[in-house]
Amino acid sequence: MGRCYDAYDDSCKGGIAALMAYARNNTVDSDIGRLVLPRIDIESSFVQMHPLDWSVNRLVLKDYFNFDVFWGVRSFTTQQLYSKERDMSDLQSIDFPLLTSTIDIPISNVWRQFINDIHFHEATGLAIMKVVRSRNDDEEEGIINKLEKAIESCKSLLTGIHQINWQAGCFPQEEPTPYWSYMQSSTLWKNLSQSSSQQQQRPEHPCWIPVIITGQGFDPPMMDTFVEALATYEKLPPAVIYVPRGKFERFATPGKVHNTWVYWNDNYGAEEFDQLRLHLRHDPSLTHTHNEVTELTVTQDNTRKIDEQVKDEQFVRDIEFLKDLMVEAENNDPLLGNTSEMLYTREGKFRRCFGGECPLGNLFTDAMRWRAQADVAVINSGGVRGSGWPAGEVRTSNIWDSFFFANTLCEILMSGLSLFRLFNYSTSLASFEPWNFADGDRLLQVSGARITYNTELNTSRLISMEIWNKESQEYEPVDRLKIYKVASTSWECDGFAPVPDYLTTALVMKGERPAEIMDELIQNVVGSYLKSLNGTVYDTSNQGRLINDTDSLEAMDWIQTEASCPFRTYWSEEYLTCFDCPDVSQVQFAEETLDGEGVSGQDNAYPHQATVVNGENFTITLLPKQIPSWISWAPEGGASVTSYDAADTGTEDQVLLEPGQTHTFSFVATSKDLDAGIAQATVSFAIQDGGSYTGCSGDDVSFQVSMTVEPEPELSKPEGSRYAGLVLMAISCLMSISFGAWVYWNRNDRVVQSLQPVFLIGLCVGTFILCFSILPLSIVDELEKESARDHACQATPWLIVLGFNMIMSSLYAKLWRINKLFGGNSFVRVAITARQAVIATSALFVTNLILLGIWTIVDPLKWEIRHVPGEEWNQYGACSNVGPAGQGLYATIFVLTMINLVLASHQAFKAHNISDEFSESTSLGFAVFTSAQIVVVGLPILFLISEDNPDAQYLLQTMMIFAISTSGLLLIFVPIILHQRERQRQPRATGRVQVSGIAASTMLSLNSNHARSNMSEMSCMSSHLTSSRGFPQE
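The protein appears in an unreviewed UniProt entry as Acid type B receptor subunit 2 from Seminavis robusta. Recorded in UniProt under Subcellular location (unreviewed entry), the annotation for the protein is "Membrane".

Shown next as structure tokens:
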């Protein structure tokens, strides 16, 4: 706004009044219009002190000078520049919008509806775009993305201006859109337009000339890319690109890129201004616009000293108006305290605080350290600024002139290590030049600390850090692990990337606390600090807080990692530090080696004890550090633990030993997972006094554990035997299923019907059940759960007894029926049904079934581990009865099963006298006698095999089961199938009869053995044969 009380005073800085006076004075008769773009004032003490606060801008710019638009800094629409309490509603107006073209403002931001992307100025015909970029574009990738975004945004706005110009008829030679093609050729529209009573002359619309003002501040190569992309835009390139900031020396004087004028002015500042004069040539034949900028002239001036020729009457009136407002602000500017002379901090490109320690930085950091009662306070060198003040009184306006940002106090708890990281970053990047160079603001002004650096070093420049000791009143070296309280501003804690990372996420050491932002404004903090001096003059001279020592060549290096810890040190993740290992050579175990024995694969526990002695003269703490997986250590009151890692142990695992004290540890070793041989391992404990000493190999106390491991007993069957048994089971079961399916498929065949399918199916079912008993025999020792093994043990006798009895019962019933029909010498009518035969043989089967159920309930078989006599380490598994009840039931079932076998064998023996023509009885007899031979020979051998040889027993059992199952099937079904095929190949006979299910080709051949009988015997036989036709065909 300027600071001026008398329009004719040579020291008068007229601000906006002077700017408007220069604009009026520089206007010539040939000018078609004049455009002034005002920038909102949020930095001067005037707007901070005036009762209207920042809203005084609206009073001056809109209501007094009649501006219809304004522009501001890129973060103006956020709360980075003002506190939550500041009311901005009076600045948010549709008739006085903020001009900003490319900044991302979400709909949720209240500023969104009060922003113009383009300012169309009717008097000059200029379409002004003010291009700004978002915050935190320090990373290269971020800048590139913002460059691309800025280009695309500008092209989008230029396309909009092009569309407006085209609709105004600025370039008729260009191909119209489908809509306008229709409107131009439509007779209906022409007639409607001519006859409309509301027709009015369309006002002439200027062909807008696009002008881009950008404060992007990209590096020259990126600015070249920006300018080239827009100057060659085919729709509508800008007429002028004006760059008031940044580094673009190539266009320090106006120049052209294609048809676009470009101008850069690095001297732009608060009291400087540029007047750009655009010389236009009107030519309707131009491609993009009727108006071409043929020349761009620039006039640079400032408002620090106003030429007398521009001080017209309007200027005097403007100064009077502004003076009244300044008086209102001064009346709201209280006295805070006294200081010696405060030198100016910023003027033009000069930046005092960028070069090193500065008095204004000292004042602000002293105030923050005082308010927060902190050890250290820091502020970036770019935030403090202003022209200073003379020695004497200091008012609120002086403070706001020096720091206009509405930042608040921030407090942090940091370790010495974190302070090192912060100051190492600051001194490594800072320019240490008192000029506006890049990264100059990275230098942190400090209070409560003395930072020494060497600017001649290349990378890390930090030499030393010292903290002011309030008690001793002197500087002391920073303690790496000590926690210090640090004060700063909310900008450092939440905006000045990447500094917030050092003050928040990087604080991971024990005792540290990330930044906590308070509500008190920094300006109020400084004011309160000056008042607290009670009239004492604050000394603004340098205090030696930032020292450049070019003679010191060794920079600090406090960054440590676990991998960088040297020998005889250990890494503490909690403190991010390598600590020296303590000397604990007199802490020892009473025994260096503990011996034991075990058996591979056994889950038995072998207890051990080890006693440790603390021979040092200080208290130590022991923590288990390395325990092999086959040794378990149970801390007092805790559960068994294995495979210790010192970093994972807790205080409950610690053992505290006073000097001379001993402690006995109890261990349990198991050889289950060990291979046969001698197993050796080291059990070690970390000796510590507060942290885990990972890496202190010489500071562990340990002893050796040695175990002689015998070979693992063969409790389970060899894989080859098991697979062989399962293959035999599969063959036998498949045969049972196949023959059963054959019976079912041919059930209507006369041969199969004559052989009684019910008995054949029963035989197949019995053999299937019997052969399936091989499965539990094969897998019982592979099951993990003990209950599953017990079930497999009991399932084996169920399957064997039921399957074997069903086979014998089927054979017995069939043979019994044959013997009933052909066992007598007289020819009498005898009718035996299949049901009668089944009932005759079911008694033993049902009895065994009942006994098996009782056995399972009362005293079932159990899987148990047995020792080989004389070899306690050698074990084997077996199924056995626990009590006498089970043994008795087992014996009873065995006897009944043998009775069933004897009965079937007896019937087979009786049937051997029946003629060979009756081939069925012969096959049945062979099947019964084969099974009997297998049982008679196999059972004694099975009982003779030692029970500690489970593999041999298993092989014999599976072979017996397989032989019984397959022999019966093959001896019975193969002749039947062959006979059926032979019968199918022979011609059908006329005198065919059925006798007891046995086929005969003719009556004569059937009775060939009785050919010598008399006629009455033949007649009786004939009668007998005839009656057999009435037998049921089950």
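Next, the rest of the story.
Visitor: Account for the overall build of the protein, naming residues and giving values.
Guide: Of regular secondary structure, the protein possesses 25 helices and 38 strands. Considering the protein as a whole, with its 1034 residues, one finds that 48% of them fall into the buried category. Long-range pairs, those at least 24 residues apart, make up 73% of the contacts in the protein with a sequence separation of at least 6.

Visitor: Which residues make up the packing of helix H3 (residues 56–64) against helix H8 (residues 313–330), and what values go with them?
Guide: Between H3 and H8, the shortest axis-to-axis distance is 12 Å and the interhelical angle comes to 160°. It follows that H3 is roughly antiparallel to H8 by the angle criterion. The handedness of the crossing between H3 and H8 is right-handed. The residues of H8 that touch H3, namely those facing Val56, Leu59, Val60 and Tyr64, are Gln314, Arg317, Asp318, Phe321, Leu322 and Leu325.

Visitor: An account of the pattern of salt bridges is requested, with residue identities and associated values reported.
Guide: By the definition in use, this model includes 13 salt bridges. Note that aspartate 366 and arginine 545 form a salt bridge whose closest N and O atoms lie 2.9 Å from each other. Placement of aspartate 366 in helix H9 (residues 359–372) and of arginine 545 in the loop between helix H14 (522–532) and strand S23 (546–548) is noted, with a sequence separation of 179 residues between them. Taking the relative accessible area as the measure of exposure, aspartate 366 reaches 9% and is therefore buried.

Visitor: Please give an account of unusual backbone geometry that cites residues and values.
Guide: Each neighbour pair has its own omega, and for alanine 497 with proline 498 the value is 0°, a cis peptide bond. Within the fold, proline 498 resides in the loop between helix H12 (490–494) and helix H13 (499–503). Notably, aspartate 439 is not glycine yet its phi reads approximately 65°, a positive angle. Of note, aspartate 439 is situated in the loop between helix H11 (416–429) and strand S17 (444–447). One non-glycine residue, glutamine 473, lies in the positive phi region at around 55°.

Visitor: Account for the nonpolar core, with residues named and values stated.
Guide: Here is a general trend for soluble globular proteins: nonpolar side chains tend to be buried in one another's company. Among the nonpolar cores identified, the biggest contains 45 residues, and Phe739, Trp742, Phe804, Met808, Leu811, Ile972 and Phe973 are the most heavily contacted of them. Among the secondary structure elements, those contributing two or more residues to this core are helix H15 (719–745), helix H17 (757–772), helix H18 (774–779), helix H19 (786–822), helix H21 (884–910), helix H22 (919–944) and helix H23 (950–985). Apart from residues lying up to four places away in sequence, phenylalanine 973 is in contact with Phe739, Trp742, Val743, Leu760, Leu763 and Cys764. Counting 43 residues, the second largest nonpolar core, distinct from the first, contains Ile42, Phe46, Leu61 and Leu91.

Visitor: I'd love a proper account of the state of the cysteines, names of residues and values included.
Guide: In the structure shown here, the tally under the stated rule is 4 disulfides. A sulfur-sulfur distance of 2.0 Å marks the disulfide that ties cysteine 565 to cysteine 578. Disulfide cysteine 565 to cysteine 578: torsion about the S-S bond roughly -85°, handedness left-handed. Of this pair, cysteine 565 sits in the loop between S23 and strand S24 (569–572) while cysteine 578 sits in strand S25 (residues 577–580), and the two are 13 residues apart along the sequence. Shown here is the disulfide that connects cysteine 793 with cysteine 879, its sulfur atoms set 1.8 Å apart. An S-S torsion of about -70° defines the bridge between cysteine 793 and cysteine 879 as left-handed. Of the two residues, cysteine 793 sits in helix H19 while cysteine 879 sits in strand S36 (residues 871–881), which places them 86 residues apart along the sequence. Among the residues examined, cysteine 793 registers a relative accessible area of 2% and is labelled buried. Overall, the relative accessible area of 33% leaves cysteine 879 in the partly exposed class.

Visitor: Summarise a nonpolar patch on the surface; cite the residues concerned and give the values.
Guide: Taken together, the side chains of Val846, Ile850, Ile854, Ile857 and Val858 define a hydrophobic patch exposed on the protein surface, amounting to about 480 Å² of accessible area. As for its placement among the helices and strands, valine 858 is situated in helix H20 (residues 834–858). The exposed category is assigned to valine 858, whose relative accessible area is 51%.

Visitor: How would you explain H17 if you had to name every residue and give the values?
Guide: Here H17 is 16 residues long and its end C-alpha atoms lie 22 Å apart, about the 22 Å a rise of 1.5 Å per residue gives. Every buried residue belonging to H17 is among Pro757, Phe759, Leu760, Gly762, Leu763, Cys764, Gly766, Thr767, Leu770 and Cys771, and all of these are buried.

Visitor: Residue-level account of the sheet that holds S23, with values.
Guide: Pairing is mixed across the open sheet formed by 4 strands, whose spatial order is S20-S19-S18-S23. The sheet is open, and its two edges are formed by strand S20 (474–477) and S23, each paired on a single side. Direction aside, neighbouring strands of the sheet carry axes that sit 25° apart on average. Taken together, the 5 bridges between strand S18 (residues 449–453) and strand S19 (residues 462–469) define a ladder with antiparallel strand orientation. Following the sheet pairing, isoleucine 451 is matched in S19 by methionine 465.

Visitor: Any chance you could break down the packing of helix H1 (residues 16–26) against H8 for me, citing the residues and the numbers?
Guide: Close contact between H1 and H8 brings their axes to 9 Å; oriented N to C, the two are set at 170°. One finds that H1 runs roughly antiparallel with respect to H8. Between H1 and H8 lies a crossing of right-handed hand. Contacts from Ile16, Ala17, Ala18, Ala21 and Arg24 in H1 reach Gln314, Phe315, Asp318, Ile319 and Leu322 in H8. In terms of residue class, the contact of H1 with H8 is made up of 7 nonpolar, 1 polar and 2 charged.

Visitor: So what's going on with the pairing of strand S4 (residues 126–131)? Which residues, and what values?
Guide: Summarising burial for S4: 6 of the 6 residues are buried, a large majority. Alternating residues of S4 divide into Leu126, Ile128 and Lys130 and Ala127, Met129 and Val131, and every residue in both groups is buried. The turn joining strand S3 (residues 119–121) and S4, which pair antiparallel and follow one another in sequence, is formed by 4 residues; a positive phi near 75° is taken by glycine 125. Here S4 pairs with strand S5 (residues 209–214) via 6 bridges, running parallel. Paired with lysine 130 across the strands is isoleucine 213, a residue of S5.

Visitor: Requested: an account of the pairing of S24, with residues and values cited.
Guide: Of the two faces of S24, the one lined by Thr569 and Trp571 and the one lined by Tyr570 and Ser572 are each fully buried. Relative to S25, S24 runs antiparallel, the two being bridged by 4 bridges. Note that in S25 the partner of threonine 569 across the bridge is aspartate 580. Joining the antiparallel neighbours S24 and S25 is a turn of 4 residues, in which leucine 576 adopts a positive phi near 50°.

Visitor: Quick one: what's the story with the environment of glycine 348, residue by residue and with numbers?
Guide: Among the secondary structure elements, glycine 348 is positioned in the loop between strand S12 (346–347) and strand S13 (350–351). You can call glycine 348 exposed: its relative accessible area is 60%.

Visitor: Before we move on, could you go through the UniProt feature "transmembrane region" (unreviewed entry) in the protein and cite the residues and values that matter?
Guide: According to UniProt, the positions carrying the feature "transmembrane region" (unreviewed entry) are residues 723–745, 757–775, 795–816, 837–858, 885–903, 924–946 and 958–978. Counting secondary structure, residues 757–775 comes out at 95% helix and 0% strand; the distance between its end C-alpha atoms is 28 Å. With 100% helix and 0% strand, the stretch residues 885–903 has end C-alpha atoms that lie 27 Å from each other.

Here is what the cut-offs are and how they apply
- Residues numbered from 1 in each chain as written.
- Predicted model: local features only at pLDDT ≥ 70, side-chain atom pairs only at ≥ 80, totals over all residues.
- Heavy atoms only, no water.
- UniProt positions renumbered as here; feature names shortened; annotations may be inferred.
- Helix = DSSP H or I, 4+ residues; strand = E, 2+ residues; numbered from the N terminus.
- Buried < 20%, exposed > 50% of the residue type's maximum accessible area, 1.4 Å probe, protein only.
- Contact = heavy atoms within 4.5 Å.
- Axes fitted to C-alpha atoms, helices over the stretch in contact; angles between N-to-C directions.
- Parallel < 35°, antiparallel > 145°, perpendicular 65-115°, else oblique.
- Left-handed = near helix turned anticlockwise from the far one by under 90°.
- Salt bridge = Lys/Arg side-chain N within 4 Å of Asp/Glu carboxyl O.
- Core = buried A, V, L, I, M, F, W, Y, C linked by side-chain atoms within 4.5 Å.
- Disulfide = S-S within 2.5 Å.
- Patch = residues over 30% accessible without salt bridge, like charges linked within 9 Å, V, L, I, M, F, W, Y side chains within 5 Å.
- Areas by Shrake-Rupley, 256 points an atom, 1.4 Å probe, with all protein chains shown as cover.
- Expected span 1.5 Å × (residues − 1).
- Pairing = 2+ DSSP bridges.
- Nonpolar A, V, L, I, M, F, W, Y, C, P; charged D, E, K, R; others polar.

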